[in-house]
Amino acid sequence: MTVHTAPAASHRRILFASLVGTSVEFYDFYIYATAAALVFGPLFFPAQEPWLQQVGAYASFSVAFFARPLGGLVFGHFGDRLGRKSTLVASLMLMGLSTVLIAFLPTYAMIGWVAPLLLCLLRFGQGLGLGGEWGGASLLAVENAPPGWANRYGSFPPMGAPVGFIFANGFYLVLGALLSDAQFRDWGWRAPFLASAVLVGLGLWVRLKLTETPEFVAAGEKAPPPAVPIGELLREHPLQTLAGTMGTIACFALFYISTLFVIGYGTKALHYDRETFLALELVAILFMAGGIATAGIWADRASAGKMLVRGCIVTIPVGLTMATLLVPGSLPSVFAWLAFALFTMGFVYGPLGAWLPSLFPARVRYTGVSVTFNIGGIIGGGLTPLIAETLVKQGGLAWVGYYLSGAALLSLVGLALVRRK
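Sequence order sets the numbering: in each chain, residues are counted from 1 along the sequence as written. Note on the predicted model: pLDDT of at least 70 is required for a residue's local features to be given, and 80 or more for side-chain atom pairs to be given and counted; whole-chain, interface and lining totals, by contrast, use all residues. Computation of side-chain values covers all heavy atoms of the structure but excludes hydrogens and water.

A. Quick peek at a nonpolar patch on the surface. Only residues whose relative accessible area exceeds 30% and that form no salt bridge enter a patch; like-charged residues are grouped when within 9 Å of one another, and nonpolar side chains (Val, Leu, Ile, Met, Phe, Trp, Tyr) when within 5 Å. Here the accessible surface of atoms and residues is derived via Shrake-Rupley with a 1.4 Å probe, and residues count as covered only by protein chains that are part of the display. Each salt bridge in this description consists of a side-chain nitrogen of Lys or Arg and a carboxyl oxygen of Asp or Glu lying within 4 Å of one another. Together, Leu-70, Leu-73, Val-74, Phe-78, Leu-82 and Phe-124 make up a nonpolar patch on the protein surface, roughly 500 Å² of accessible area in all. In this description a helix means any DSSP run of H or I spanning at least four residues, a strand means any run of E spanning at least two, and both kinds are numbered starting from the N terminus. Ranked by residues supplied to the nonpolar patch, first place goes to helix α3 (residues 50–81) with four residues. Within the secondary structure, Leu-70 is located in helix α3. Classification of Leu-70 as partly exposed rests on a relative accessible area of 40%. Under the scheme applied here, a residue whose accessible area is under 20% of the maximum for its type counts as buried, over 50% as exposed, and between as partly exposed, the area being computed with a 1.4 Å probe on protein chains only.

B. Structural context of the packing of aromatic side chains. Working definition: a ring pair exists when centres of Phe, Tyr or Trp rings (six-membered ring for Trp) sit within 6.5 Å. Plane angles under 30 degrees give stacked, over 60 give edge-to-face, the rest tilted. Counted by the stated rule, this structure contains 23 aromatic pairs. Ring geometry for Phe-261 and Tyr-265: centres 5.6 Å apart, planes at 25°, overall stacked. Linking Phe-261 with Tyr-265, this pair stays in helix α14 (residues 249–268), spanning four residues, or about one helical turn. The class for Phe-261 is buried, based on a relative accessible area of 1%. Between Phe-343 and Phe-347, the ring centres sit 5.5 Å apart and the planes meet at 55°, which makes this aromatic pair tilted. A residue pair is termed a helical-turn pair when its members lie 3 or 4 positions apart in one helix, as Phe-343 and Phe-347 do in helix α18 (residues 331–349) at four residues. Taken together through their ring pairs, the aromatic side chains of Phe-26, Tyr-30, Phe-61, Phe-165, Phe-255 and Tyr-256 make up a single cluster. Whether a charge sits over a ring comes down to the Lys NZ or Arg CZ being within 6 Å of the ring centre and within 35 degrees of the ring normal. Here the basic side chain of Arg-152 rests over the ring of Trp-149, its NZ or CZ set 3.9 Å away from the ring centre. Stacked on the ring of Phe-184, the Lys or Arg Arg-274 has its end atom at 4.3 Å from the ring centre.

C. Just the pattern of salt bridges, in detail. Going through the model one piece at a time under the given rule, you end up with eight salt bridges. For the salt bridge of Glu-143 with Arg-365, the shortest nitrogen-to-oxygen distance reads 2.9 Å. Of this pair, Glu-143 sits in the loop between α6 (114–142) and α7 (150–154) while Arg-365 sits in helix α20 (residues 365–382), placing them 222 residues apart in sequence. Judged by its relative accessible area of 1%, Glu-143 falls in the buried class. For Arg-365, a relative accessible area of 4% gives the class buried. Through salt bridges with shared partners, one network takes in Asp-80, Arg-84, Glu-143, Glu-215 and Arg-365.

D. Seen up close, the packing of helix α15 (residues 274–301) against α18. Under this scheme, a helix contributes an axis fitted over its contacting stretch, all axes are lines through C-alpha atoms, and angles between N-to-C directions fall in the 0 to 180 degree range. At their nearest, the axes of α15 and α18 sit 7 Å apart, and the two run at 30° to each other. Compared by their axis directions, α15 and α18 come out roughly parallel. Crossing geometry of α15 relative to α18 is assigned as right-handed. Relative orientations are named as follows: roughly parallel for angles under 35 degrees, roughly antiparallel for angles over 145 degrees, roughly perpendicular for angles from 65 to 115 degrees, and oblique for any other angle. Helix crossings fall into two classes, left-handed where the near helix is turned counterclockwise from the far one by less than a right angle and right-handed where it is turned clockwise.

E. Quick peek at the side chain of Ser-91. Among the secondary structure elements, Ser-91 is positioned in helix α4 (residues 84–102). Should any heavy atoms of two residues lie within 4.5 Å, those residues are considered in contact. Residues in contact with Ser-91, not counting those within four places in the same chain, are Glu-25, Phe-75, Gly-129, Gly-132, Glu-133 and Arg-207.

F. Quick look at the environment of Ala-243. Relative to the helices and strands, Ala-243 resides in helix α13 (residues 238–247). Given the relative accessible area of 0%, Ala-243 is considered buried. Taking the C-alpha atoms as reference points, Ala-243 and Gly-160, 83 residues apart in sequence, are found 24 Å from one another.

G. Fine view of unusual backbone geometry. Even without being glycine, His-271 reaches a positive phi, approximately 65°. By secondary structure assignment, the location of His-271 is in the loop between α14 and α15. By relative accessible area, which is 66% here, His-271 ends up exposed.

H. Structural detail: α4. Here the expected span of a helix is defined as 1.5 Å times the quantity of residues minus one. Counted at 1.5 Å a residue, the expected span for α4 with its 19 residues is 27 Å, and the 28 Å between its end C-alpha atoms agrees. Taken as a whole, α4 has its buried residues at Arg-84, Thr-87, Leu-88, Val-89, Ser-91, Leu-92, Met-95, Gly-96, Ser-98, Thr-99, Val-100 and Ile-102.

I. Representation of the confidence of the model for the chain within the structure. Scored from 0 to 100, pLDDT records how confident the predictor is in each individual residue. On average, residues of the chain score 88 in pLDDT, and 97% of them are at 70 or above. Under a pLDDT of 50 for its full length, residues 1–6 has, in the predicted model, 17 contacts with residues more than four places off or in other chains.

J. Quick look at the state of the cysteines. For this text, the term disulfide refers to a pair of cysteine sulfurs within 2.5 Å. All told, the structure shown has zero disulfides when counted by the stated rule. The thiol of Cys-251 is unpaired, and the distance to the nearest cysteine sulfur, on Cys-312, comes to 9.3 Å.

K. Just the nonpolar core, in detail. Core analysis: the largest hydrophobic core is formed by 111 residues, its most contacted members being Phe-40, Trp-189, Phe-193 and Tyr-349. With near-sequence residues (within four places) excluded, Phe-40 lies in contact with Tyr-32, Ala-35, Phe-45, Ala-57, Ile-102, Leu-119, Trp-189 and Phe-193. The term nonpolar core refers to a set of buried residues drawn from Ala, Val, Leu, Ile, Met, Phe, Trp, Tyr and Cys, joined through side-chain atoms within 4.5 Å. By size, the runner-up hydrophobic cluster in this structure holds five residues, among which are Val-24, Val-89, Val-200 and Leu-204.

This is the structure we're talking about:
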């Protein structure tokens with residue numbers, strides 16, 4: 001990728017914009033994930049068996065993953081043709097509006113089957129917006145990186161994941177401390193969705209001050225943008241597209257098992273107090289932030305691909321220790337697994353911010369990064385909570401660990417496809 005320099009103040013603004021945007025997007029995404037694990041089952045998917053309610057809630061969570069590739073395709077198309085800035089603003093607005101409207105949804109008890117239908121529709125809007133967010137934020141950082149700093153700059157958008165998670169689960173933790181279970185179930189869960197309006201306003205204020213990335217401008221000066229970026233991507237870069245898609249699978253599987261699934265499993269199957277378990281996750285997520293920062297620094301010294309390979313290899317024992325460490329009555333062992341899993345998550349996620357853009361030329365890079373990241377999200381994360389819930393019901397927690405280890409092996413295959421590059 002071509003290197004460009006800019007004043008230090010400009011770089012700080014660029015990095016803050018890439019971080020704050022993804023933090024807001026992931027906050028919106030995670031408040032839904034936490035609500036799905038805690039309350040959406042009985043509120044929107046009534047059933048005789050509690051585990052069927054949970055399956056319904058996780059199925060609605062999965063809707064966004066099937067919207068994300070479409071969002072990546074749409075926003076990637078305009079990002080490669082019109083520019084990064086306007087596309088990033090549009091994706092943030094769509095995500096924020098969908099999230100705020102969820103705060104006003106009536107439940108199944110109020111309007112029947114229309115309630116889960118509207119919930120899934122707004123969840124689709126969340127996924128559509130996030131589908132165009134991550135890739136654009138990564139390009140904003142990487143295409144402005146000085147020599148030798150691509151991976152450290154590229155780690156800023158992934159860092160939005162732990163930041164957004166801390167705000168989201170921190171909010172739920174405060175609500176849990178202030179409200180009774182009945183109050184939380186009746187109206188308290190709506191507050192984080194409503195608060196998203198303030199965060200989206202902050203994100204828009206930052207992004208509207210940005211200019212186009214130098215690499216996008218340079219690519220436009222060399223040749224007109226592709227008429228159909230996805231067509232050029234699939235025609236001229238099929239191997240990189242396949243490799244990028246497979247390389248992201250472990251990241252999604254590990255994250256949604258170690259957060260969304262484990263929150264539901266820990267509070268319902270292991271019978272830990274909800275606030276206690278959320279506090280454990282809140283502290284453990286700091287290990288993910290540490291893993292992202294460490295992997296970004298090491299990747300600039302070695303390579304992003306090597307960091308991803310190491311992360312995928314370590315993900316295998318993370319999966320194999322699930323059944324041993326996630327047990328009732330032992331918070332230290334539960335925390336040990338969460339910290340282990342989320343620190344490893346930093347190594348399979350943080351380097352993606354620079355690795356995926358490196359696979360594609362600037363003229364189709366927004367489309368390439370968005371499509372690969374989001375299709376990988378379907379495979380690795382879209383159905384993972386639902387599959388994990390089913391595996392636990394049928395065969396026990398060890399099978400969820402085998403599933404996670406298998407996802408890591410798939411990502412290793414994808415990384416091997418472009419190892420020489």
